[in-house]
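# Observations on chain architecture
So the chains spell out like this:
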Amino acid sequence: MNRRVLIIGGSLAGLLAGNLLHRRGWEVQVFERAAGDLEGRGAGITILPGLVDGFQAAGAQVSEEMLGIVLPARMALNREGVVVAEHRFAQAMTSWGLLYESLRKIFPSSNYHGGETLARVEQDTHSVTAVFADGQRISGDLLIGADGLRSVVRSQFLPALTPHYAGYVAWRCLTDEAALPAASFARLFERYTVCVAPGQQAIGYPVPGPDHSKAAGRRQYNVVWYHPVRAPDELRRFMTDDSGRHHPNGIPPALLSKILRDQMIETAPRVLAPPFAEAIRLGRMHFFQPIMDIEPPQLVFGRVAIVGDAAFVTRPHVAMGVPKGAGDVLALAQALDGTTDIVEALEKFEAQRLRVGRNIVARGRYLGSYMEAQAGNDAQ
């Protein structure tokens, strides 16, 4: 049928969509705003039901055992580091980089275009055209917006819809296993650990190492620390590098202010359990994400569909960012199977995924309500 799809965004959701449709006979072109490799973009990921199925459907020869480190139990520590709860619950954890590599290596390199910034989308009843900042115009039968939280595709069609900032951030760090002292390693490493401290929340778990190794001694420890940060003035300081440049769309880890990172490391021992504070102090990479959510009223605009974080943005408490994106693109590919009516297929996709996305966003807001309440609390 020689149908052509343009995918805006070359991260996980974009690559999942690209591989799924390429395997179904579509001509696929992926356009990513960033130049170069994206592998250093993320940290730890929880493997939830459906994630591996989505990757396998896209052609990645993976399994839960290949991707993840299986942890047999969960544990909660208070601020003093005392165990206050334990629960037997097997859970597999992996890294964003390993997921990205498993998709990137199977997608045709000639069809992946880095350093391409979308300016706008144009369409008529028969085709859709991506117009890029350099003036380049590329047309196809379908355009998929998989360009993340600050989606250019979404903002064109839903200009009044903006992310809701919840009043707190997630500090994240990755610490090499070998860097952890024996006591902290013994307390943290072989389980999924939660720190329950007044006004704060943190979780930690091991993930594959920088070289994707799961071998003992070569893994790394992932910490996610939810910390109240008032908006907008205080959040603006977080998004400003040491040269004074503001990064409104997100600051790269390499440009994170050293002053801010040092303040984070200094604050951790006062508010978190000692093993968590030590893992943060010894981290080889630190970054943060403002916690936001988005609930769009629609996902389809003629021959255009949005998926992943370009569609619903959910809070990380539900660990559904990547699984939801996989579900989006799998539902889209299945709706397109066996039909030449793209617009009708997109309507079926939208009806299914609107319901799913709304439920996930609602659950994330519920789980994050405690931290959201801390934004007005002066006790830091």
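This section reports on the structure supplied with the text. As the structure is a computational prediction, the values presented were derived from the model and not from experiment.

Let us now look at helix α11 (residues 342-367). In this model α11 runs 37 Å from its N-terminal to its C-terminal C-alpha over 26 residues, within 8% of the 38 Å that 1.5 Å per residue would give. Restricting attention to buried positions, one finds in α11 the residues Ile342, Ala345, Leu346, Phe349, Glu350, Arg353, Leu354, Gly357, Ile360, Val361 and Gly364. Considering only its buried residues, α11 is in contact with β10 (142-145), β15 (285-293), β16 (300-301), β17 (304-306) and α10 (321-336). The N-cap of α11, judged by a side-chain oxygen 3.4 Å from the amide nitrogen of Val343 a few residues on, is Asp341.

A word on the nonpolar core. Membership of the largest hydrophobic core comes to 68 residues, with the highest contact counts inside it found for Phe55, Leu143, Ile144 and Phe349. If we ignore the near neighbours within four places in the chain, the residues touching Leu143 are Leu6, Ile8, Val121, Val128, Ala130, Val153, Arg303, Val304 and Ala305. In terms of nonpolar packing, the next biggest core, distinct from the first, is built from 33 residues, Cys195, Ala202, Leu256 and Val271 among them.

Its location among the elements puts Arg219 in the loop between β13 (200-207) and β14 (220-228). Here the side chain of Arg219 touches Glu177 through a polar contact of 2.9 Å, side chain to side chain. Setting aside residues no more than four positions away along its own chain, Arg219 makes contact with Ile69, Asp176, Glu177, Phe185, Phe189, Glu190, Val207, Pro208, Gly209, Ser213 and Lys214.

Sheet architecture is open: eight strands sit in the order β3-β5-β4-β12-β13-β14-β11-β15, paired in mixed fashion. The sheet terminates laterally at β3 (44-46) and β15, the two strands that pair on one side only. Neighbouring strand axes in the sheet, compared pairwise and without regard to direction, differ in orientation by 30 degrees on average. Examined bridge by bridge, strand β11 (residues 164-176) and β15 share eight bridges and lie antiparallel to one another.

This next bit is on the packing of α10 against α11. Close contact between α10 and α11 brings their axes to 8 Å; oriented N to C, the two are set at 155 degrees. Our classification of the angle between α10 and α11 gives roughly antiparallel. Relative to α11, α10 is oriented so that their crossing is right-handed. Contacts from Lys324, Gly327, Asp328, Ala331, Leu332, Ala335 and Leu336 of α10 reach α11 at Ile342, Ala345, Leu346, Phe349, Gln352, Arg353 and Ile360. Of the residues that constitute the contact of α10 with α11, the class distribution is nine nonpolar, two polar and three charged.

On to the pairing of strand β4 (residues 69-77). Across eight bridges, the pairing between β4 and strand β5 (residues 83-95) is antiparallel. The residue bridging Met75 from the neighbouring strand is Glu86, located in β5. Two successive antiparallel strands, β4 and β5, enclose a turn made up of five residues, where Gly81 displays a positive phi of approximately 90 degrees. Two strands pair when backbone bridges link them, and β4 and strand β12 (residues 192-197) are joined in this way by four bridges, in the parallel orientation.

Taken in spatial order, the six strands line up as β6-β2-β1-β10-β17-β16 in an open sheet, and their pairing is mixed. Of all the strands in the sheet, just β6 (112-114) and β16 have a single pairing partner and so form its edges. Inspection of the sheet shows β16 paired to β17 by two bridges, in the antiparallel sense. Each bridged residue has a counterpart across the sheet, and for Phe301 the counterpart in β17 is Val304.

The phi dihedral of His212 falls on the positive side, at around 70 degrees, and the residue is not glycine. Here His212 falls in the buried class, since its relative accessible area comes to 16%.

Remark: a regular strand shows side chains that alternate across the two faces of the sheet. For β11, the tally of buried residues reaches eleven of 13 residues, placing the bulk of the element in the interior. Relative to β14, β11 runs antiparallel, the two being bridged by nine bridges. Opposite Tyr168, over in β14, you have Pro228 as the bridge partner.

Scoring rules and cut-offs
Residues numbered from 1 in each chain as written. Predicted model: local features only at pLDDT ≥ 70, side-chain atom pairs only at ≥ 80, totals over all residues. Heavy atoms only, no water. Helix = DSSP H or I, 4+ residues; strand = E, 2+ residues; numbered from the N terminus. Expected span 1.5 Å × (residues − 1). Buried < 20%, exposed > 50% of the residue type's maximum accessible area, 1.4 Å probe, protein only. Contact = heavy atoms within 4.5 Å. Polar contact = N/O pair within 3.5 Å; in protein donor to acceptor, adjacent residues only side chain to side chain. Core = buried A, V, L, I, M, F, W, Y, C linked by side-chain atoms within 4.5 Å. Pairing = 2+ DSSP bridges. Axes fitted to C-alpha atoms, helices over the stretch in contact; angles between N-to-C directions. Parallel < 35°, antiparallel > 145°, perpendicular 65-115°, else oblique. Left-handed = near helix turned anticlockwise from the far one by under 90°. Nonpolar A, V, L, I, M, F, W, Y, C, P; charged D, E, K, R; others polar.

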